[in-house]
Amino acid sequence: MAKLNVIKGDITKVNVDAIVNAANRALSGGGGVDGAIHRAAGPQLDEACRKLNGCPTGQAKTTPGFNLPAKYIIHTPGPIWHGGQRNEPQLLKDSYVNSLKQAVLHHCQTVAFPSISTGIYDFPLDKAAGIATAAIQDFDTPLDVTMVCFDSMTYDAYVKALEAAKG
Ligand code: ADP
């Protein structure tokens, strides 16, 4: 079981083995956390992403962290919320699980996630926090995972989900 912590902060600044990027399927960089990660990692990241030929929703691909404190960036395109009838919950879970698998593959022990899909992709926050918390806590490798929440609303949702999971 992976251990989960929730903090408020900027994921480009955290000192972990790998950070996860809420990417788009082209891995082309964009707005939100994706843009912040591309700016902080530097132009070498754009070049590394171009060589990966994109990534399907719910899958994950890894690059070096370049100028970031993190050694690796794990890029996963989460689902765009279309109302919940297009397999969005399963695809969001897949993003978390496949990112954690990438972390294990690269021998990482500490991993940080942003709140995937709850910004521009519009996934309902409380639902996403429940899915993320369960996916991380059910993962069977003992990783140290941090959810890095950019704003108070997001932080509160993940703290609530974590407390609910404790029962
Ligand atoms: P998506 O397209 O998957 O919805 P967004 O980047 O729009 O991704 O939003 C995902 C979450 O990341 C939102 O909660 C947003 O506030 C947050 N976010 C934006 N910048 C950062 C950052 N530097 N560190 C951590 N989280 C961030």
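Quick summary incoming for the structure in this document. (Residues numbered from 1 in each chain as written. Predicted model: local features only at pLDDT ≥ 70, side-chain atom pairs only at ≥ 80, totals over all residues. Heavy atoms only, no water.)

## Notes on the pairing of strand β2 (residues 18-23)
- Most of β2 sits inside the fold, with five of its six residues counted as buried.
- Here β2 runs beside strand β4 (residues 72-77); their pairing, made up of six bridges, is parallel. Residue pairing for β4: Ala18 is matched across the bridge by Tyr72.
- The sheet contact formed by β2 and strand β5 (residues 110-113) spans two bridges and is parallel. From the neighbouring strand, Ile19 faces β5, where its bridge partner is Ala112. (Buried < 20%, exposed > 50% of the residue type's maximum accessible area, 1.4 Å probe, protein only. Helix = DSSP H or I, 4+ residues; strand = E, 2+ residues; numbered from the N terminus. Pairing = 2+ DSSP bridges.)

## Topic: the packing of aromatic side chains
- For the coordinates displayed, the defined rule picks out two aromatic pairs.
- When the centroid spacing of 4.8 Å and the interplanar angle of 35 degrees are considered together, the rings of Tyr96 and Phe113 count as tilted. Within this pair, whereas Tyr96 is found in helix α3 (residues 88-105), its partner Phe113 is found in strand β5, the two being separated by 17 residues in sequence.
- Of the residues examined, Tyr96 reaches a relative accessible area of 0% and is grouped as buried.
- Residue Phe113 is classed as buried on the basis of its relative accessible area, which comes to 0%. (Phe/Tyr/Trp six-rings, centres within 6.5 Å; stacked < 30°, edge-to-face > 60°.)

## Notes on the nonpolar core
- Of all hydrophobic cores here, the largest spans 35 residues; its most connected members are Tyr96, Phe113, Ile136, Leu143, Val145, Met147 and Tyr158.
- For this core, the elements supplying multiple residues, two or more each, are β1 (3-8), β2, β4, α3, β5, α4 (125-138), β6 (144-149) and α5 (152-166).
- No other element matches α4, which puts seven residues into this core.
- Those residues in contact with Val145, other than ones at most four positions away along the chain, are Ala2, Lys3, Leu4, Asn5, Leu100, Val111, Phe113 and Ile136.
- Grouped together as the second largest cluster of nonpolar side chains are 16 residues, Val16, Cys49, Ala112 and Val148 included. (Core = buried A, V, L, I, M, F, W, Y, C linked by side-chain atoms within 4.5 Å. Contact = heavy atoms within 4.5 Å.)

## A word on the pattern of salt bridges
- The final tally for this structure, using the stated rule, is three salt bridges.
- As a salt-bridge pair, Lys3 and Asp144 come within 3.5 Å of each other at their nearest N and O atoms. With Lys3 in strand β1 and Asp144 in strand β6, this pair connects stretches of sequence that are 141 residues apart.
- On the accessibility criterion, Lys3 (48% relative accessible area) is partly exposed.
- With relative accessibility at 27%, the residue Asp144 sits in the partly exposed group. (Salt bridge = Lys/Arg side-chain N within 4 Å of Asp/Glu carboxyl O.)

## Section: the site of the ligand
- Inspection of the region around the ligand gives 17 residues, with Asp10, Val33, Ser117, Gly119 and Ile120 positioned closest.
- Asp10 is positioned such that a nitrogen or oxygen atom in its side chain is 2.9 Å from a nitrogen atom of the ligand.
- When the free accessible area of the ligand is taken as 570 Å², the share hidden by the protein chains comes to 91%.
- The dominant element in the shell around the ligand, judged by the number of residues it contributes, is helix α1 (residues 32-41), at three residues.
- Partitioning the shell around the ligand into residue classes produces eight nonpolar, seven polar and two charged. (Near = heavy atom within 4 Å. Polar contact = N/O pair within 3.5 Å; in protein donor to acceptor, adjacent residues only side chain to side chain. Areas by Shrake-Rupley, 256 points an atom, 1.4 Å probe, with all protein chains shown as cover. Nonpolar A, V, L, I, M, F, W, Y, C, P; charged D, E, K, R; others polar.)

## Considering the sheet that holds β4
- With mixed pairing, six strands are arranged side by side in an open sheet as β1-β6-β5-β2-β4-β3. A strand with exactly one partner marks an edge of an open sheet, and here the two such strands are β1 and β3 (61-64). Put simply, the sheet's adjacent strands are angled 25 degrees from each other on average, direction ignored.
- Sheet topology note: the β1/β6 ladder contains six bridges and is parallel. Within β6, the residue paired with Lys3 across the bridge is Asp144.
- Most of the contacts of helix α2 (residues 43-50) go to β3, to which it runs at about 145 degrees, and overall it touches β3 and β4. (Axes fitted to C-alpha atoms, helices over the stretch in contact; angles between N-to-C directions.)

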